[in-house]
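For reference, the chains in residue letters:
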There are 2 protein chains.
Amino acid sequence: MSLPRIAIDAMGGDEGVRVMVSGAALARHRHENFRFLLVGDQDRIKRALDDHPGLASASEILHCEDVVGGDEKPTQALRRAKTTSMGLAINAVKAGDAGAAVSAGNTGALMAMSKLALRTMPGIDRPALAALLPTLEEHDVIMLDLGANTECDARNLVQFAIMGAAYSRIVEGSGAPRVRLLNIGTEEIKGTDQVQEAAVMLRAARGLAMAFDGFVEADQINRGNVDVVVSDGFSGNIALKAIEGSARFVTDLLKNAFRSSLRSKFGFLVSRPATELLRHHLDPNNHNGAVFLGLNGVVVKSHGSANEKGVANAVAVAARLVEAKLTERIASDLAELGEANLRQAAKAAHKDAT
Amino acid sequence: MSLPRIAIDAMGGDEGVRVMVSGAALARHRHENFRFLLVGDQDRIKRALDDHPGLASASEILHCEDVVGGDEKPTQALRRAKTTSMGLAINAVKAGDAGAAVSAGNTGALMAMSKLALRTMPGIDRPALAALLPTLEEHDVIMLDLGANTECDARNLVQFAIMGAAYSRIVEGSGAPRVRLLNIGTEEIKGTDQVQEAAVMLRAARGLAMAFDGFVEADQINRGNVDVVVSDGFSGNIALKAIEGSARFVTDLLKNAFRSSLRSKFGFLVSRPATELLRHHLDPNNHNGAVFLGLNGVVVKSHGSANEKGVANAVAVAARLVEAKLTERIASDLAELGEANLRQAAKAAHKDAT
């Protein structure tokens, strides 16, 4: 392929074809060198493209009629990898017809299909779902795993740390991202055997392209003093949703307060900077686009309820990771680090545990 | 003992004797029928009592010089159960000299000492740490376990559900609290084996004094449509801290916005209802006082950084649970439910898993 191309599952998500196509058109303004493969119902995609001639000229359509259902079990969806818009978008990455795939469909199915088609990279046992979250500082924080793996051992967590650090170096441009393991305390004795062992391994390993600094508690995630927060998919998903729910709780309280005491237009005007700021910082569309790290190819999950700005962000995440050669970077980090070194670190962890 | 009495570890916490004594004095206004046993350095307690003659007349002092350190390992602290203010406060509960103990000291040490001195109730394998959190509705939500048990099996989770429901019936007065297990999705297939098995057991058990309704995701904790959220101590602690951190993140963003755009006094006045409301709803002091459920006696943990209003809330939690005979209630729920019934439910869970 001459120009990098992104495959878009045009059928996934709550909002359907129109928002996926508009989002891609919006993303194209920032990434003009990209082409797009729009996968799904040809007629509906064409109609949506009528409003976006620029995108139309940079896109091919791959027609299919089958769609993965939102409630479908991953095992069931897997059988239709060759006929669904989600499956075909992933297969385009596998075949080298696209550098990345973006879907707003069923997360479990997307994970299962991606894993089966793209396989995990050498040196990575399991892929992890990673996303960017806002902090009080200028930069974002990367969290992983956000739910791809309900249970993880120390080795998985170490691999997540390496992948998260590679992702952070791409988006923040920092040479040695500050990486921490999510835990219920910062003392060495806190937490599960898995996080303790992972900490020993990360401390013992030499040549890591990160500044590993032990544990972080969930109330520190947004403070801006850590670049990558590593956890198993169960606690990571719970932390992420707790953060989202709590932010919504506070803004709902605020809305009620403004509604009851600031009826005047003037009150509204005065309060606008605050609501604007909250909207900007907390709108999940601004941070849409979670990526499955550790696969032989880039797959980005857009939130099912994302609007066109959200989809554009997810597509931009994909474009950025393709441009920065994420997969190659993780592979080279792993090679640099060396399997022998990791085995050594594992031994250190084991000695420490006994 | 004629009047119910609460033992207070006067030495724990970041703020020391003065805040513990002032907090107890404040709590006494709401619970005038209670007496207090103030444990710690006699001279300092007496000086603090000079400002609170009402409390002084309702208190005895138990002098000791030894204090559990904030960073001390629980195993180390355990050896000084007979000499430290924390240990002696708990021992007063064990000896029947007090109905409850309140401490703002080292959580791990408090847990270890309480468990050793008071033992878990018959039918309960492990105690759990429970706290009240605000919701969008009038009522609070109870969360447990918040960190007493890093790892839990299905049986532990079922017991936590029973204890949490008993606590909820006391504070909310509802006959059948809505109880849910914290999970990363609401579908039956989601989550760890432990939460899935616990759900099967809770669905199968008859005679539960609760309305068990499956799973809840962390973004729904504050919405007000669940009364008790049950989890292992690792995810529960992470959810709690993520909620606290995110609320602080949003209010910090807001403060920055008001500071930069609303310099005028008028702007401040207009924004005051919002900040007042946030202060009221989100001030952790208003929700201070986590209780160890499942012990033969009530032990309440006050946050180390709580102010006197916070300490007063923790003491009020203790008073309320003594008055409502929490321990007896949990025991009777367990008896009502019957060990045979729980075994039956466990069998159902096992059958379902295979």
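Being a predicted model, the structure only gives us computed values, none of them experimental.

K.L.:
I tried to follow the overall build of chain A on my own but got confused; where do I start?
P.N.:
When you go through chain A residue by residue, the secondary structure sums to 13 helices and eleven strands. Computed over the C-alpha atoms, the radius of gyration of chain A is 21 Å, within 12% of the 20 Å expected from 2.2 N^0.38 for a compact globule of 354 residues. For chain A, the C-alpha atoms occupy an extent of roughly 65 × 60 × 35 Å along the three principal directions. Long-range pairs, those at least 24 residues apart, make up 73% of the contacts in chain A between residues at least 6 apart in sequence. In the form shown here, chain A has an accessible surface area of approximately 14,600 Å², with 48% of it arising from carbon and sulfur atoms. One finds the centroid of the 40 positive side-chain charges in chain A at a distance of 2 Å from the centroid of its 42 negative side-chain charges.

K.L.:
How should I be thinking about the confidence of the model for chain A in this particular structure?
P.N.:
Any region with low pLDDT has predicted coordinates that should not be read closely. Residue and element names in this part refer to chain A. With 90% of its residues at a pLDDT of at least 70, chain A reaches an overall mean of 89. Between the elements of chain A, mean pLDDT differs from a low of 60, seen in helix α10 (residues 265–282), to a high of 98, seen in strand β9 (residues 228–230). When the criterion is pLDDT under 50, residues 262–266 qualifies, and its contacts beyond four places in sequence or with other chains add up to six contacts.

K.L.:
How should I be thinking about the pattern of salt bridges in this particular structure?
P.N.:
Side-chain pairs of opposite charge can arise where the charged atoms are in close proximity. Enumeration according to the criterion identifies 24 salt bridges over all chains in this entry. Ionic pairing is found between K241 of chain B and E217 of chain A, a salt bridge with its closest N-O pair at 2.2 Å. Of the two residues, K241 of chain B is situated in helix α9 (residues 233–261) and E217 of chain A in the loop between β8 (211–216) and β9; the pairing between them involves two chains. Between E187 of chain B and K190 of chain B there is a salt bridge; the shortest N-O distance is 3.9 Å. Given a relative accessible area of 29%, K190 of chain B falls into the partly exposed group. In this structure, a network of salt bridges that share partners links the residues R5, R35 and E60 of chain A.

K.L.:
Would you take a moment to explain the pairing of strand β10 (residues 290–293) of chain B for this structure?
P.N.:
A regular strand carries its side chains on alternate faces of the sheet. Residue and element names in this part refer to chain B. By the alternation rule, side chains of β10 split into A290 and F292 and V291 and L293, which are all buried. For strand β5 (residues 128–133) and β10, the ladder comprises three bridges, and the chain directions are antiparallel. Within β10, the position partnered with A130 by the bridge is V291. The pairing of β10 with strand β11 (residues 298–301) spans three bridges and is antiparallel. Note that in β11 the partner of V291 across the bridge is V300. With antiparallel pairing between neighbouring strands as the criterion, β10 and β11 make up a hairpin whose turn holds four residues, including G294 at a positive phi of roughly 105 degrees.

K.L.:
I keep staring at the environment of N288 of chain B and nothing clicks. Help me out?
P.N.:
Residues and elements named next belong to chain B. Of note, N288 is situated in the loop between α10 (265–282) and β10. Expressed as a C-alpha distance, the spacing of N288 and S302, which sit 14 residues apart in the sequence, is 6.1 Å. Once residues within four sequence positions are removed from consideration, N288 is found in contact with K301, S302, H303, A306, G310, V311, N313, A314 and V317. Reaching out from N288, the side chain makes a polar contact with the side chain of S302 at a distance of 2.8 Å.

K.L.:
Help me understand the sheet that holds β9 of chain A, please; the structure alone is not making it clear to me.
P.N.:
In a beta sheet, neighbouring strands are held together by backbone hydrogen bonds and run either parallel or antiparallel to one another. All names here are of chain A. One open sheet accounts for eleven strands, arranged β3-β2-β1-β4-β11-β10-β5-β6-β9-β7-β8; its pairing is mixed. Every interior strand has two partners, whereas the edge strands, β3 (59–63) and β8, have only one. Ignoring strand direction, the axes of neighbouring strands in this sheet form an average angle of 25 degrees. For strand β5 (residues 128–133) and strand β6 (residues 141–144), the ladder comprises four bridges, and the chain directions are antiparallel. For L132, the partnering residue across the bridge sits in β6 and is I142. Strand contacts of helix α6 (residues 107–118): β4 (100–103), β5, β10 (290–293) and β11 (298–301), with the helix running at about 175 degrees to β11, the strand carrying the most contacts.

K.L.:
What should I look at first to understand the nonpolar core in this one?
P.N.:
Among soluble globular proteins, nonpolar side chains are generally buried collectively. Counting 240 residues, the largest nonpolar core has Y167 and I221 of chain A together with Y167 and I221 of chain B as its most contacted members. Excluding anything up to four places from it in sequence, Y167 of chain B contacts A130, L132, I142, V291, L293, V317, L321 and L326 of chain B. Of all hydrophobic cores here, the second largest spans eight residues; its members include A247 and V250 of chain A together with V250 and L253 of chain B.

K.L.:
Sorry if this is basic, but what is going on with the sheet that holds β5 of chain B here?
P.N.:
Residues and elements named next belong to chain B. Spatially, eleven strands are ordered β3-β2-β1-β4-β11-β10-β5-β6-β9-β7-β8 in an open sheet, and the strand pairing comes out mixed. Where the open sheet ends on each side, the last strands, each with one partner, are β3 (59–63) and β8 (211–216). Sheet twist, expressed as the average angle between the axes of neighbouring strands with direction ignored, equals 25 degrees.

K.L.:
What exactly am I supposed to notice about a negative patch on the surface here?
P.N.:
Judged by side-chain charge, E151 of chain A together with D153, D193 and E197 of chain B come together as a negatively charged surface patch. Within the secondary structure layout, E151 of chain A lies in the loop between β6 and α7 (154–172).

K.L.:
Would you mind showing me how to read the side chain of S168 of chain A here?
P.N.:
On the secondary structure map, S168 of chain A appears in helix α7. The contact partners of S168 of chain A, leaving out residues within four places of it in the chain, are I142, G173, P177, D227 and V228 of chain A.

K.L.:
What's the story with helix α5 (residues 85–94) of chain A in this structure? I'm lost.
P.N.:
For an α-helix, the turn length of 3.6 residues means that residues three or four places apart are oriented alike. Counting buried positions over the ten residues of α5 of chain A gives nine, a clear majority of the element. Trailing α5 of chain A by a residue or two, G96 of chain A shows a phi angle of about 85 degrees, which is positive.

K.L.:
Honestly, the packing of helix α1 (residues 17–30) of chain B against helix α11 (residues 308–323) of chain B in this entry has me stumped. Any pointers?
P.N.:
Axis angle and axis distance: for two packed helices, these are the angle between their axes and the distance between the axes, and together they describe the pair. Residue and element names in this part refer to chain B. It is at 7 Å that the axes of α1 and α11 come closest, and there the two elements cross at 55 degrees. Taken together, α1 and α11 sit at an angle that is classed as oblique. Taken as a pair, α1 and α11 cross one another with a handedness that is right-handed. The segment α1 lies against α11, with V19, M20, S22, G23, A24, L26, A27 and R30 engaging E308, K309, V311, A312, N313, V315 and A316. Class assignment for the residues of the contact of α1 with α11 results in nine nonpolar, three polar and three charged.

K.L.:
Is there a simple way to explain unusual backbone geometry in this structure?
P.N.:
The phi angle of most residues is negative, glycine excepted, and most peptide bonds adopt the trans form. For the bond from L144 of chain A to D145 of chain A, the omega torsion is -10 degrees, close enough to zero to count as cis. With respect to the element layout, D145 of chain A can be found in the loop between β6 and α7. Residues other than glycine seldom take positive phi values, yet K325 of chain A does so here, at roughly 55 degrees. Non-glycine residue R119 of chain B carries a positive phi angle of around 60 degrees. In this structure, R119 of chain B sits in the loop between α6 (107–118) and β5. By relative accessible area, which is 52% here, R119 of chain B ends up exposed.

K.L.:
Explain the pairing of strand β1 (residues 5–9) of chain A here, please?
P.N.:
Residue and element names in this part refer to chain A. With five of its five residues buried, β1 lies for the most part within the structure. In β1, alternate side chains face the same way, and those of R5, A7 and D9 on one face and I6 and I8 on the other are all buried. Across five bridges, β1 lies against strand β2 (residues 35–40) in parallel orientation. Bridge pairing in β2 places D9 opposite V39. As for the winding sense of the linkage, the β-α-β connection from β1 through helix α1 (residues 17–30) to β2 is right-handed.

K.L.:
What's the story with α1 of chain A in this structure? I'm lost.
P.N.:
Residue and element names in this part refer to chain A. Compared with the 20 Å implied by 1.5 Å per residue over 14 residues, the 21 Å span of α1 between its first and last C-alpha is a close match. For α1, the buried fraction is high: ten of the 14 residues fall into the buried class. Of the positions making up α1, those classed as buried are V17, V19, M20, V21, S22, G23, A24, A25, A27 and R28. On its buried face, α1 is in contact with β1, β2, α2 (42–49), α3 (53–57) and α11 (308–323).

The rules behind the values
- Residues numbered from 1 in each chain as written.
- Chains lettered and ligands numbered in written order.
- Predicted model: local features only at pLDDT ≥ 70, side-chain atom pairs only at ≥ 80, totals over all residues.
- Heavy atoms only, no water.
- Helix = DSSP H or I, 4+ residues; strand = E, 2+ residues; numbered from the N terminus.
- Rg over C-alpha atoms; globule rule 2.2 N^0.38 Å.
- Contact = heavy atoms within 4.5 Å.
- Areas by Shrake-Rupley, 256 points an atom, 1.4 Å probe, with all protein chains shown as cover.
- Lys, Arg positive; Asp, Glu negative; His and termini not counted.
- Charge placed at Lys NZ, Arg CZ, Asp CG, Glu CD.
- pLDDT = per-residue confidence, 0-100.
- Salt bridge = Lys/Arg side-chain N within 4 Å of Asp/Glu carboxyl O.
- Buried < 20%, exposed > 50% of the residue type's maximum accessible area, 1.4 Å probe, protein only.
- Pairing = 2+ DSSP bridges.
- Polar contact = N/O pair within 3.5 Å; in protein donor to acceptor, adjacent residues only side chain to side chain.
- Axes fitted to C-alpha atoms, helices over the stretch in contact; angles between N-to-C directions.
- Core = buried A, V, L, I, M, F, W, Y, C linked by side-chain atoms within 4.5 Å.
- Patch = residues over 30% accessible without salt bridge, like charges linked within 9 Å, V, L, I, M, F, W, Y side chains within 5 Å.
- Parallel < 35°, antiparallel > 145°, perpendicular 65-115°, else oblique.
- Left-handed = near helix turned anticlockwise from the far one by under 90°.
- Nonpolar A, V, L, I, M, F, W, Y, C, P; charged D, E, K, R; others polar.
- Right-handed = clockwise from strand over helix to strand, strands pointing away.
- Expected span 1.5 Å × (residues − 1).

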